[in-house]
Amino acid sequence: MRTIRVEASAATILLTEAPEPKVRDRQTGERAMDTVSGEPLMTIGVVYIEEGESSLIKVTVPESGISEGLALGAPVSLPGLIARPWESVFNGQQRHGIAFRAAAVTPAAFPAAASGAAA
């Protein structure tokens, strides 16, 4: 399926869930690995706010892309953010959604417009 680049420069992205290992198989606990590099993958939860609307999303990030200094509720940057539609059949039911992936997650600052409005 096609991947879609997400232009997030105008968005405020806040960390809502700390990084945790991405699990490939919940029954066995097997970790998910990047298919190209073989690197372990992590997931984070964020709230993505743009133009007055917000969405809670999970984002997959390579383990090496998790920066130090991340704090829950703090703004983060997601360089290389992409969205990929997916669909599958599980227990006879068709499921679909959008998977988000980024090259890294790093601490960021609140947008200048938001901090300027508070002054």
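Sequence positions are assigned chain by chain, starting from 1 and proceeding in written order. Residue-level local features of this predicted model are given only where pLDDT is at least 70; pairs of side-chain atoms are given and counted only at 80 or more, and the full residue set underlies all totals for whole chains, interfaces and linings. The side-chain values count all of the structure's non-hydrogen atoms but skip hydrogen atoms and water molecules.

### Considerations on the environment of Thr3
And then number 1: Helix and strand assignments follow DSSP, with helices taken as H or I runs no shorter than four residues and strands as E runs no shorter than two, numbered in order from the N terminus. Its location among the elements puts Thr3 in the segment before strand S1 (4-5).
And then number 2: Put simply, Thr3 and Lys58 are 55 residues apart on the chain and 16 Å apart in space, counted from C-alpha to C-alpha.

### Notes on the pattern of salt bridges
One side chain can pair with another of opposite charge once the charged atoms of both are near each other.
And then number 1: Just to be clear on terms, a salt bridge is a Lys or Arg side-chain nitrogen sitting within 4 Å of an Asp or Glu carboxyl oxygen. Taken as a whole, this structure holds four salt bridges when the rule is applied.
And then number 2: We note a salt bridge from Glu17 to Lys58, for which the minimum N-O separation is 2.4 Å. You can see Glu17 sitting in strand S2 (residues 12-21) and its partner Lys58 sitting in strand S6 (residues 53-62), a full 41 residues away along the chain.
And then number 3: The exposure class of Glu17 is partly exposed, given its relative accessible area of 34%.
And then number 4: Linking Arg31 and Glu63 is a salt bridge whose minimum nitrogen-to-oxygen distance equals 3.7 Å. Within this pair, whereas Arg31 is found in strand S4 (residues 30-31), its partner Glu63 is found in the loop between S6 and strand S7 (76-77), the two being separated by 32 residues in sequence. Note on exposure labels: buried denotes an accessible area under 20% of the residue type's maximum, exposed denotes more than 50%, and partly exposed covers the range between, all computed with a 1.4 Å probe on protein chains only.

### Some remarks on the environment of Val59
And then number 1: One can find Val59 in strand S6.
And then number 2: The exposure class of Val59 is buried, given its relative accessible area of 1%.
And then number 3: Sequence separation between Val59 and Ile44 is 15 residues, and the spatial gap between their C-alpha atoms is 5.4 Å.
And then number 4: Any pair of residues with heavy atoms lying within 4.5 Å of one another is described as a contacting pair. Discounting chain neighbours no more than four positions away, the residues touching Val59 are Met42, Thr43, Ile44, Val46, Leu78, Leu81, Phe100, Arg101 and Ala102.

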